[in-house]
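Spelled out, the chains give:
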Protein chains: 2
Amino acid sequence: MAEKTVTACLLIIGNEILSGRTQDANLAFLGTRLNDIGIRLMEARVIPDVEATIVATLNEVRVRFDYVFTTGGIGPTHDDITASCVAKAFGLPLTLHPEAHARLLAHYPKGDLNESRLRMAHTPEGATLIDNPVSTAPGFQVENVFVMAGIPAIMQAMFDGIVHRLVGGKPLLSRSLTLAMPEGRIAKDLGALQEAYPDVEMGSYPFNRQGNFGTRLVLRATDPARLSAAAKGLDRIVVALGGQGQWDQDPA
Amino acid sequence: MAEKTVTACLLIIGNEILSGRTQDANLAFLGTRLNDIGIRLMEARVIPDVEATIVATLNEVRVRFDYVFTTGGIGPTHDDITASCVAKAFGLPLTLHPEAHARLLAHYPKGDLNESRLRMAHTPEGATLIDNPVSTAPGFQVENVFVMAGIPAIMQAMFDGIVHRLVGGKPLLSRSLTLAMPEGRIAKDLGALQEAYPDVEMGSYPFNRQGNFGTRLVLRATDPARLSAAAKGLDRIVVALGGQGQWDQDPA
């Protein structure tokens, strides 16, 4: 029954995320969308615009995960070093990509495609482009590494254009129950339920609304029958504890 | 002149962040607050509730960075495994912490401190507690690793309680300029300015508001005189390009 989980890692590249100046929005988007196609985001790293760090991190994660996605650092300025770092990581020269060049030539008014903007047409040699329907300058793919923009609207449009290149396994289905009860009250029974359903991942997330502690319980599994059985088991636990729960309509 | 940068790494522990279900809010808070006291957040990793991953990651980063902060996984349920992972990483037994036990005994009505909640009083042996003024169950510190809650309000209150234990260097001062000009137009001159001021970190962040591309330029340095000189240089560049910029009132 055990089938291999298809895994992914996200590298969020940029000092502005680490300084707290910019709030990342790409992780949540990618985690959700990858899950829909049966790819599990297993790790995300936020790293600075430092060449040695980017190259070393790329070379570590691209052999550990089936897919690696990067966001950020592919613009025209001196701090946009992702493309050259990917080239270094793969031991490839960074060259002018003819198709990317043609797209930028067509996009900019005559004379506006200056030396800095031309940097955005350079990729590791032989890279496959990733379309950018928002602002033209493309991302690119080298083997299992997908290099995308940091601006969420552009990143999301790029992802829509590459999703057909990705091969996932079974998506994780999920159901979640919001409970007006602190998690400490249900923890023991939930742990026992988890032991009875090792193939259903059970997460417990406390929250505090207007001073009242509640819990959101999330069940995730690839097998809908097992998910449903575990959800029924959870219902029985909640009733036995005299609690009240509300199942969310999860998208999956 | 070169003085050692005091560095930090954040480990965000939890499947719910990777699945996209929960949006992290702790990274931006910590990045900002650490910078205020002269500690540079150099990396953040989001990792799942998997013991082997947590232990290996902890042991990798605690020797690479001056400080390591973790968020998440310290509640009463079966998926809260951070404390036991920290114990394993340090080769310490996980034991009932007398002071944490006393606090939980005082907090819960008689009989409510069940076996699951008692898990929250266990720490790696000899750990120093981190106060939790919101919901009592403490975090803890082992050497340079600070273990905090995932709920932002609790994490922030915990951070306020440990900030006096942290020793930073000079804080990075920053100034940022919002420019109604795409970054491709200023990229070359900005690169030259960066070369002239290697001790001032210059970041360029494009944005798209109602279809208009603009750029936010961020200068960061520990030396206020150098920061000011670089800012004046940037002003001259913008004027020469016929652009208009608006300096933000940065907090630092």
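None of the values given here were measured: they were computed from a predicted structure. (Residues numbered from 1 in each chain as written. Chains lettered and ligands numbered in written order. Predicted model: local features only at pLDDT ≥ 70, side-chain atom pairs only at ≥ 80, totals over all residues.)

1. Section: the overall build of chain A
1) Next: Counting its secondary structure elements, chain A contains nine helices and twelve strands.
2) Next: Each of the three principal axes of chain A carries a C-alpha extent, and together these read 75 × 45 × 30 Å.
3) Next: Within chain A, the fraction of its 252 residues that count as buried is 46%.
4) Next: Taking contacts inside chain A between residues at least 6 apart in sequence as the whole, the part at least 24 apart equals 69%. (Helix = DSSP H or I, 4+ residues; strand = E, 2+ residues; numbered from the N terminus. Buried ≥ 20, exposed ≤ 12 C-beta atoms within 10 Å, placed from the backbone. Contact = placed C-beta atoms within 7 Å.)

2. Topic: the nonpolar core
1) Next: One finds A:A8, A:L10, B:A8 and B:L10 to be the most contacted residues of the largest nonpolar core, which totals 98 residues.
2) Next: B:L10 has contacts with B:L27, B:L30, B:L41, B:A44 and B:F69, leaving out every residue within four places of it along the chain. (Core = buried A, V, L, I, M, F, W, Y, C linked by C-beta atoms within 7 Å.)

3. Examining the interface of chain A and chain B
1) Next: Each partner contributes residues to the interface: chain A has 48 residues there, and chain B has 47 residues.
2) Next: Partitioning the side of chain A that touches chain B into residue classes produces 19 nonpolar, 19 polar and ten charged.
3) Next: As defined by bridge partners, strand β2 (residues 39–47) of chain A adjoins strand β2 (residues 39–47) of chain B across three bridges and the pair is classed as antiparallel. When the bridges of β2(B) are listed, A:R45 appears paired with B:R45. (Nonpolar A, V, L, I, M, F, W, Y, C, P; charged D, E, K, R; others polar. Pairing = 2+ DSSP bridges.)

4. Observations concerning helix α4 (residues 82–90) of chain A
1) Next: Among the residues making up α4(A), those that are buried are A:T82, A:A83, A:C85, A:V86, A:A87 and A:A89.
2) Next: In the stretch just after α4(A), A:G91 is the one whose phi turns positive, near 65°.

5. Considerations on the relation of the copies chain A and chain B
1) Next: Laying chain A over chain B is done by rotating through 180° and shifting 0.0 Å along the axis; what remains is an RMSD of 0.0 Å. Considering both components of the superposition, the chain copies are consistent with a two-fold axis. Minimal C-alpha separation from the rotation axis in chain A is found for A:R45, amounting to 2.2 Å.
2) Next: Most of the interface of chain A is mirrored in chain B, where 98% of its interface residues are also at the interface. (Least-squares fit on C-alpha atoms with pLDDT ≥ 70 in both.)

6. Things to note about the confidence of the model for chain A
1) Next: Looking at chain A as a whole, the pLDDT averages 95, with 98% of positions reaching at least 70.
2) Next: Taken together, the chains of this predicted complex give a pTM of 0.95 and an interface ipTM of 0.94. (pLDDT = per-residue confidence, 0-100.)

7. Considering the pairing of strand β8 (residues 145–148) of chain A
Residue and element names in this part refer to chain A.
1) Next: Residues V145 and V147 of β8 are buried on one face, and the alternating residues F146 and M148, pointing to the opposite face, are buried as well.
2) Next: Where strand β7 (residues 139–142) lies against β8, three bridges are found, and the strand directions are antiparallel. Across the sheet, residue F140 finds its bridge partner in β8, namely V147.
3) Next: Between β7 and the antiparallel strand that follows it, β8, lie two residues; E143 among them carries a positive phi value of about 50°.

8. What to know about the sheet that holds strand β10 (residues 201–209) of chain B
Residue and element names in this part refer to chain B.
1) Next: Reading across from one edge, β10-β11-β9-β12 is the order of the four strands in this open sheet, with antiparallel pairing throughout. Both outer strands of the open sheet, β10 and β12 (245–247), are each paired with one neighbouring strand and no more. Direction aside, neighbouring strands of the sheet carry axes that sit 20° apart on average.
2) Next: As defined by bridge partners, β10 adjoins strand β11 (residues 212–221) across nine bridges and the pair is classed as antiparallel. Opposite P206, over in β11, you have T215 as the bridge partner.
3) Next: Sheet strands in contact with helix α9 (residues 224–240) are β9 (173–179), β11 and β12, and its direction is about 155° off that of β11. (Axes fitted to C-alpha atoms, helices over the stretch in contact; angles between N-to-C directions.)

9. A word on the environment of A:N144
Residue and element names in this part refer to chain A.
1) Next: Note that N144 resides in the loop between β7 and β8.
2) Next: We classify N144 as partly exposed; it has 16 C-beta atoms within 10 Å.
3) Next: Apart from residues lying up to four places away in sequence, N144 is in contact with R62, D66, Y67 and V68.

10. What to know about the packing of helix α2 (residues 26–36) of chain A against helix α7 (residues 152–162) of chain A
Residue and element names in this part refer to chain A.
1) Next: Close contact between α2 and α7 brings their axes to 10 Å; oriented N to C, the two are set at 20°. The angle between the axes of α2 and α7 places the two elements in the roughly parallel class. Like other packed secondary-structure pairs, α2 and α7 cross with a definite hand, here right-handed. Across the interface between the two elements, N26, F29 and R33 from α2 touch P152, M155, Q156 and F159 from α7. (Parallel < 35°, antiparallel > 145°, perpendicular 65-115°, else oblique. Left-handed = near helix turned anticlockwise from the far one by under 90°.)

11. Quick notes on helix α3 (residues 51–64) of chain A
Residue and element names in this part refer to chain A.
1) Next: Along its 14 residues, α3 runs 20 Å from first to last C-alpha, staying within 8% of the 20 Å computed at 1.5 Å per residue.
2) Next: Within the span of α3, buried status applies to I54, T57, L58, V61 and R62. The buried residues of α3 all sit within an arc of 120° when viewed along its axis, so they share a single face. Exposed positions of α3 whose direction lies more than 90 degrees from the buried face are A52, V63 and R64.
3) Next: Against the buried residues of α3 lie β1 (6–13), β2, β3 (67–71), α4 and β8. (Expected span 1.5 Å × (residues − 1). Arc of directions from axis to C-beta.)

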